[in-house]
Amino acid sequence: MKRLFFIVLALAFTGVVGFIGMFAWFAYSPVALRHSPLDFTIEPGSSMRQVARQLTEAGIDTWPPALVLLARVTRQANGIKAGSYEVETGVTPLSLLDKLTRGDTSQAELALIEGWNFRQFRAALDRHPDLRHDSTGLSDSELLARIGADVTHPEGQFFPDTYLFARRSSDLDLLRRAHHQQRKVVQREWEKRSEGLPFRTAYEALILASIVEKETGQASDRPLIASVFINRLRSGMLLQTDPTVIYGLGPAFDGDLRKRDLTTDTPYNTYTRPGLPPTPISMPGVAALRAALSPPSTEYFYFVAKGDGSSSFSRTLAEHNRAVARYIRKQQP
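Residues numbered from 1 in each chain as written. Predicted model: local features only at pLDDT ≥ 70, side-chain atom pairs only at ≥ 80, totals over all residues. Heavy atoms only, no water.

## Observations regarding the overall build of the chain
Let me state the cut-off plainly: Put simply, DSSP marks the helices as runs of H or I at least four residues long and the strands as runs of E at least two long, and each gets a number from the N terminus on. Residues count as neighbours in contact if any of their non-hydrogen atoms are within 4.5 Å of one another. Exposure was quantified through the Shrake-Rupley algorithm and a 1.4 Å probe, taking into account, for residues, occlusion by the shown protein chains and nothing else. Under the counting rule used here, the positive set is Lys and Arg, the negative set is Asp and Glu, and His together with the chain ends is not counted. Lys charges are placed at NZ, Arg charges at CZ, Asp charges at CG and Glu charges at CD.
The helix and strand inventory of the chain stands at 13 helices and 10 strands. The dimensions of the chain, computed from C-alpha atoms along their principal axes, are 120 × 45 × 35 Å. For the chain, restricting intrachain contacts to residue pairs at least 6 apart in sequence, the fraction spanning at least 24 positions comes to 64%. Roughly 18100 Å² of accessible area belongs to the chain as shown, and the carbon and sulfur atoms make up 54% of that amount. Once the 40 positive and 35 negative side-chain charges of the chain are each reduced to a mean point, those two points are 4 Å apart.

What follows is the structure in structure tokens.
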């Protein structure tokens, strides 16, 4: 009996050692991939069993029960993070679990351009293949409510920048980030503003910055353009800026601004209404905000595009008319 006991014990020990060896071999052996690199997504709220199934369905040749056991033994089963990932040839089950628990997701990017309006922002979000389009079908007001924005109009409320995000993340999350960043930037620049500006609130400065952004063809002209509008606001002159009229026309604008458009009154027609329009007309960047809040002191009240991206600035209407004759009329066929 004693001999039999030792034989059984030896067999059990051999079996345990063999199992441990096979399990270690499984943990450290590279898995086969359908192709390399391979992208896959772990859905939010997935259990470890569901994660293992999602991996095999994505093209990672691993044995789900063994992967689940490995995750439990290494105490990683409850630490898997949802998101999009990318793996390449050579990945092992153990390194795969490490990647999933670190949340080492693959990232995509989206550029939101200075001077775009919110309609263009939404179109860019809708076109992006790596975003989850949770904003589809939402009105602007519903979208603002979903991201927790305490504003009534979206224009100018999102910071133009290049945003990195995990694939399959929500477009609402990206907009929430862009909104928080814009609020932070506007507040920071407002606190550093020059004295004596014709703004009662940071929002009014944001409106002017959005106009400056749309009027600027060459970056070096931006501060001077801001000074023209500041001088006009201080003196009570009409701003008379085409981009506000175009914004007021909305989708009806066909690319050709006509004389009747300049004389037809709308809330955004700065040829017929004094002061600033009711909202921003674009998403201004930091440079436009700084130009509006710290403009140089000039005597300019007019500017005209020279045709090369830059502008010519004038102090009087007579000077402006001469500049128009020089730079605009010669461009006309």
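## Things to note about the side chain of Ser29
Put simply, the rule is: Distance and chemistry together define a polar contact, namely a pair of N or O atoms within 3.5 Å, with one atom able to donate a hydrogen and the other to accept it when in protein, and with adjacent residues in sequence counting only for side-chain atoms on both sides.
Tracing the chain through its elements places Ser29 in the loop between helix H1 (2-28) and strand E1 (32-33). At 2.4 Å, the side chain of Ser29 forms a polar contact with the backbone oxygen of Trp25. Ignoring anything within four residues of it in the chain, the contact list for Ser29 reads Val91, Thr92 and Pro93.

## Points about the layout of surface pockets
Put simply, the rule reads: For each structure, a 1 Å grid was placed over the protein atoms alone; sets of points admitting a 1.4 Å probe that cannot get out are labelled cavities, open sets with protein on both sides within 12 Å along at least five of seven lines are labelled pockets, and lining residues have an atom within 4 Å of a point. Grid points are joined across faces, edges and corners, and a volume is the space filled by probe spheres set on the points. Ten residue types, Ala, Val, Leu, Ile, Met, Phe, Trp, Tyr, Cys and Pro, are classed as nonpolar, four, Asp, Glu, Lys and Arg, as charged, and the remainder, Gly among them, as polar.
Taken as a whole, the largest pocket holds about 690 Å³ of empty space. Those elements that place two or more of their residues in the lining of the largest pocket are helix H9 (222-235), strand E9 (302-305) and helix H13 (317-327). Here the element with the most residues in the lining of the largest pocket is E9; it accounts for four residues. Class assignment for the residues of the lining of the largest pocket results in 14 nonpolar, 10 polar and four charged.

## Observations regarding the confidence of the model for the chain
To keep it simple, the criterion reads: One number per residue, pLDDT, summarises how confident the predictor is, and it ranges from 0 to 100.
Averaged over every residue, the pLDDT of the chain is 90; the share at 70 or more is 92%. Considering each helix and strand of the chain separately, the mean pLDDT is smallest for H1, with a value of 57, and largest for helix H8 (residues 202-215), with 98.

## Points about unusual backbone geometry
Cis peptide bonds are those with omega within 30 degrees of zero, and the linkage from Ser36 to Pro37 qualifies with -5°. Mapped onto the secondary structure, Pro37 falls in the loop between E1 and strand E2 (38-42). Backbone geometry places Arg75, a non-glycine residue, at a positive phi of 60°. Phi at Gln240 is positive, roughly 45°, even though this residue is not glycine. Within the secondary structure, Gln240 sits in the loop between H9 and helix H10 (242-249).

## Section: helix H3 (residues 64-73)
In plain terms, the rule: Three exposure classes are used, based on accessible area relative to the maximum for each residue type with a 1.4 Å probe and protein chains only: buried under 20%, partly exposed in between, and exposed over 50%.
What H3 keeps buried is the set Ala66, Leu67, Val68, Leu70 and Ala71. One or two steps after H3, the chain reaches Arg75, where phi turns positive at roughly 60°.

## Quick notes on the packing of aromatic side chains
Two measures describe an aromatic ring pair: the distance that separates the ring centres and the angle between the ring planes. Quick reminder of the rule: Only rings of Phe, Tyr and Trp enter the pairing, Trp through its six-membered ring, and a pair is recorded when the two centres are within 6.5 Å. The plane angle decides the type: under 30 degrees is stacked, over 60 is edge-to-face, the rest tilted. We call a charge positioned above a ring when the Lys NZ or Arg CZ atom is no farther than 6 Å from the ring centre and deviates by at most 35 degrees from the ring normal.
Under the definition given, this model contains seven aromatic pairs. Centroid distance Trp116 to Phe121: 6.1 Å. Interplanar angle 75°. Geometry classified as edge-to-face. By relative accessible area, Trp116 is classed as partly exposed at 23%. A residue is classified by how much of its surface remains accessible, and Phe121, at 0% relative accessible area, is buried. Three or more aromatic residues link up through ring pairs in this structure, and these residues are Phe229, Tyr300, Phe303 and Phe313. Positioned above the aromatic ring of Trp190 is the side chain of Arg193, whose terminal nitrogen or guanidinium carbon lies 3.8 Å from the ring centre.

## Comments concerning H8
We apply this condition: Multiplying 1.5 Å by the residue count of a helix minus one yields the expected span of that helix.
Between its first and last C-alpha, H8 extends 20 Å over 14 residues, near the 20 Å set by a 1.5 Å rise per residue. Most of H8 is tucked away, with 12 of its 14 residues classed as buried. Of the residues making up H8, those classed as buried are Ala202, Glu204, Ala205, Leu206, Ile207, Leu208, Ala209, Ser210, Ile211, Val212, Glu213 and Glu215. Considering only its buried residues, H8 is in contact with helix H7 (171-191), H9, H10, helix H12 (286-293) and E9.

## What about the pattern of salt bridges?
Quick reminder of the rule: Salt bridges are defined as contacts in which a side-chain nitrogen from Lys or Arg sits within 4 Å of a carboxyl oxygen from Asp or Glu.
Inspection of every chain in the model, using the stated rule, returns 17 salt bridges. A salt bridge links Arg102 to Asp104, with the shortest nitrogen-to-oxygen separation between them at 3.2 Å. Judged by relative accessible area, which is 54%, Arg102 ranks as exposed. A residue is classified by how much of its surface remains accessible, and Asp104, at 32% relative accessible area, is partly exposed. Between Asp150 and Arg183 there is a salt bridge, with the nearest N and O atoms lying 3.3 Å from each other. Of this pair, Asp150 sits in the loop between helix H6 (140-146) and strand E7 (162-166) while Arg183 sits in helix H7, placing them 33 residues apart in sequence. Connected via shared salt-bridge partners are Arg188, Glu189, Lys192 and Arg290.

## What about the packing of helix H2 (residues 48-58) against H3?
When two helices pack together, their arrangement is given by the angle between the helix axes and by the axis-to-axis distance. Short version of the rule: To define axes, lines are fitted to C-alpha atoms, for helices over the stretch in contact only, and angles between the resulting N-to-C directions are given on a 0 to 180 degree scale. Roughly parallel covers angles under 35 degrees, roughly antiparallel covers those over 145, roughly perpendicular covers 65 to 115, and oblique covers all other angles. Two helices cross in a left-handed way if the nearer one is turned anticlockwise from the farther one by less than a right angle. They cross in a right-handed way if the turn is clockwise.
Relative orientation of the contacting elements H2 and H3 amounts to 135°, with a least axis distance of 9 Å. For the element pair H2 / H3, the angle class is oblique. Read as a crossing pair, H2 and H3 show a hand that is right-handed. Two secondary-structure elements touch here, H2 through Met48, Arg49, Ala52, Leu55 and Thr56 and H3 through Pro64, Leu67, Val68, Ala71 and Arg72.

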